Number of protein chains: 2
Amino acid sequence: MTSSAPKLDNPVAASALPPADSREQVSAFMKAIQDQICEGLAAADGGTDFQQDQWERPEGGGGRSRVLKQGNVFEQGGVNFSEVWGSQLPPSILVQRPEAAGHGFYATGTSMVLHPQNPYIPTVHLNYRYFEAGPVWWFGGGIDLTPYYAALEDVQHFHRTLKQACDRHHPDYYPTFKHWCDEYFYLKHRQETRGVGGIFFDYQDGRSGELYRGPDQDGIAAQHSHQVGEVPSRSWDDIFGFVQSCGNAFLPAYVPIVDRHRDQDYGDRQRNFQLYRRGRYVEFNLVYDRGTIFGLQTNGRTESILMSLPPMVRWEYGYQPEPGTPEAALYETFLKPQDWLALETHP
Amino acid sequence: MTSSAPKLDNPVAASALPPADSREQVSAFMKAIQDQICEGLAAADGGTDFQQDQWERPEGGGGRSRVLKQGNVFEQGGVNFSEVWGSQLPPSILVQRPEAAGHGFYATGTSMVLHPQNPYIPTVHLNYRYFEAGPVWWFGGGIDLTPYYAALEDVQHFHRTLKQACDRHHPDYYPTFKHWCDEYFYLKHRQETRGVGGIFFDYQDGRSGELYRGPDQDGIAAQHSHQVGEVPSRSWDDIFGFVQSCGNAFLPAYVPIVDRHRDQDYGDRQRNFQLYRRGRYVEFNLVYDRGTIFGLQTNGRTESILMSLPPMVRWEYGYQPEPGTPEAALYETFLKPQDWLALETHP
């Protein structure tokens, strides 16, 4: 389909065209990553397994939603795979990719949110996706960690693992996509990051020239100005390879953190704080998250979209953490963008 | 300020101009209604009283937020008063009132959400507000009821009380604003109303001609076609009088429902269903509610805006009520628009 593209504002080099079986390759990977993650998490949980719902989308395509409830470790976890197509991308995406207007689209991806029971284990989110629409294609996605009682060594382990996956492909990837993640997972009305971030990117394609750094990347562009323009034209295989590395980095980035805290004792105080902080997750997903809002407004499968919401949540008017407590430390240190890998382990 | 209006697309009759002390009159009423409601609710609760936070808005104005927590009846209740001004209304409002562009604005209002502890007592919401901006002014607001285990006699009592308040001013008000409420408090992604509705209206001003029936009122306009155009030009006093009647109808509409169920026994099943259904309240407020989204996106006072969120909430993937249960009855009968006052008490 993309080979029949009649015209392009930015001509795409031949090497940037997807292979003939691009959709099969990516959807197979997205399913494999769902399988791999579910197996790894069920093993880490040790209590219960995922239950699967297969579903079809009337307009085209479908998916498989897997949910684990009330396990040993995970109070709730959902891992979705979907592969959908239709006659036209929604306006919110066409603004970013006007060349796709008037063309059908194909999209496949995997997304996941885990809400552990133990407040010492962070919540984690992952999503990788691939689009084709007429003359354009792109990869997007990311992963981010949301601790309640944060340990710097966990945060560093998580970021180090992601950096290693990124660095295998390009030295610009980690700093650029780490910054983009801090900007995307930000609650303006709270002036807080959602958690300690990770990596996030969108609209990664094979156009020659600069690496696309997101809608508001002036800061990072200035900071890394020597690198701007140095990212060579990337092939479809290059970018798909990068996304595969990111997907494969999930279990090694997260499971050691689970194992470190799975037997840590906690009481009502920690549980209450976790439930309160989960409210921020709801606020982010329903107020800001483009995927969630887009899905809800375009007749997506509501139960799969809202699988990201926590099983139990608390709001409390006027809550402020007491100075000097671990709860205050979360706000002071971990809910603002930081160059985690440059921090001393015991700051 | 409105008397200096230079030009108008729709000339306003002299009788439709606000009095010189319009702001003082409306803000005094909004404060009085806050006082009246808080007194009535604290008496109904019988356990604890509201705590007040006074706050100032850096751009101009301020308010007083009152919260009651863990009372005998109310798990949490918040009643806000605010009076704010600034140099320019946000674009989302200017689309509706382009004549206000380039003018400063003034806005005052009262809003309230109550989350009772007992699942047999419905959640209730109220908001009335008044705007002036250059050549235009208007009143808006409404009230709606969200039961968990709904009793038709409660729903009818609530609607009958609102209808009486409306009918004292115009026979079109109740059917028009009841319909608008059903449309506004609707969760498209769930295909459910938020609850059993009430009344809702916006942009009510003194322009001659038709009653403004909202953005999508074709149905009601056709249904009541004999009335279209029959609403005479209304004075500022007429509309303010109507809003006062609405505000004063709150305690008689709601408190008898509280009293009827305050001692009704309930168990985990009812509590779990209440917490689950509260999730819909969160979804509506964060995904659809214009006031909430506008407030969050324009540096409103977050804690006051999100006072509407329930103190404890639950989400559950794939929940479906069991057929034939009271939970199923909520979905089958009460989460769709109905002409409540035409239903038999025991359907």
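Residues numbered from 1 in each chain as written. Chains lettered and ligands numbered in written order. Predicted model: local features only at pLDDT ≥ 70, side-chain atom pairs only at ≥ 80, totals over all residues. Heavy atoms only, no water.

## Here's the deal with the sheet that holds strand 3 (residues 74–86) of chain B
All names here are of chain B.
Point 1. The sheet built from 7 strands is open, its strands ordered 1-2-3-4-5-6-9 with antiparallel pairing. Each having just a single partner strand, strand 1 (51–56) and strand 9 (197–204) make up the two edges of the open sheet. Neighbour to neighbour, the strand axes of the sheet diverge by 5° on average, direction disregarded.
Point 2. Contacts from helix 3 (residues 152–167) reach strand 5 (123–133), strand 6 (136–146) and strand 9 within the one sheet, and its direction differs from that of strand 9 by about 30°.
Point 3. Set on the sheet, helix 6 (residues 236–248) makes contact with strand 5, strand 6 and strand 9; between it and strand 6 the angle comes to about 20°. (Pairing = 2+ DSSP bridges. Helix = DSSP H or I, 4+ residues; strand = E, 2+ residues; numbered from the N terminus. Axes fitted to C-alpha atoms, helices over the stretch in contact; angles between N-to-C directions. Contact = heavy atoms within 4.5 Å.)

## Regarding the interface of chain B and chain A
Point 1. Of the residues lining the interface, 31 residues belong to chain B; the matching set on chain A comes to 31 residues.
Point 2. Here chain B packs against chain A, burying approximately 2,800 Å² in sum over the two surfaces, 60% of which is carbon and sulfur.
Point 3. Of all residues in chain B, the largest losses of buried area upon contact with chain A belong to Glu303(B), Trp315(B) and Tyr317(B), amounting jointly to 30% of the total for that side.
Point 4. Inspection of the chain B/chain A interface yields 2 salt bridges. (Buried area = accessible area lost by both parts, 1.4 Å probe. Salt bridge = Lys/Arg side-chain N within 4 Å of Asp/Glu carboxyl O.)

## Notes on the relation of the copies chain B and chain A
Point 1. With an RMSD of 0.0 Å, chain B superimposes on chain A once it is rotated by 180° and translated 0.0 Å along the axis. Look at the turn and shift together and you get a two-fold axis relating the two. Residues of chain B ranked by C-alpha distance from the rotation axis are headed by Val313(B), positioned 2.5 Å from it. (Least-squares fit on C-alpha atoms with pLDDT ≥ 70 in both.)

## Re the confidence of the model for chain A
All names here are of chain A.
Point 1. The pLDDT averaged across chain A works out to 89; a share of 88% of its residues lies at or above 70.
Point 2. Below pLDDT 50 for its whole length, residues 1–12 participates in 12 contacts with residues either more than four positions away or in separate chains.
Point 3. Within the model, the stretch residues 217–229 combines pLDDT values under 50 with 16 contacts to residues more than four positions away or in other chains.
Point 4. Across the interfaces of the predicted complex, the ipTM metric reaches 0.88, alongside a pTM of 0.90. (pLDDT = per-residue confidence, 0-100.)

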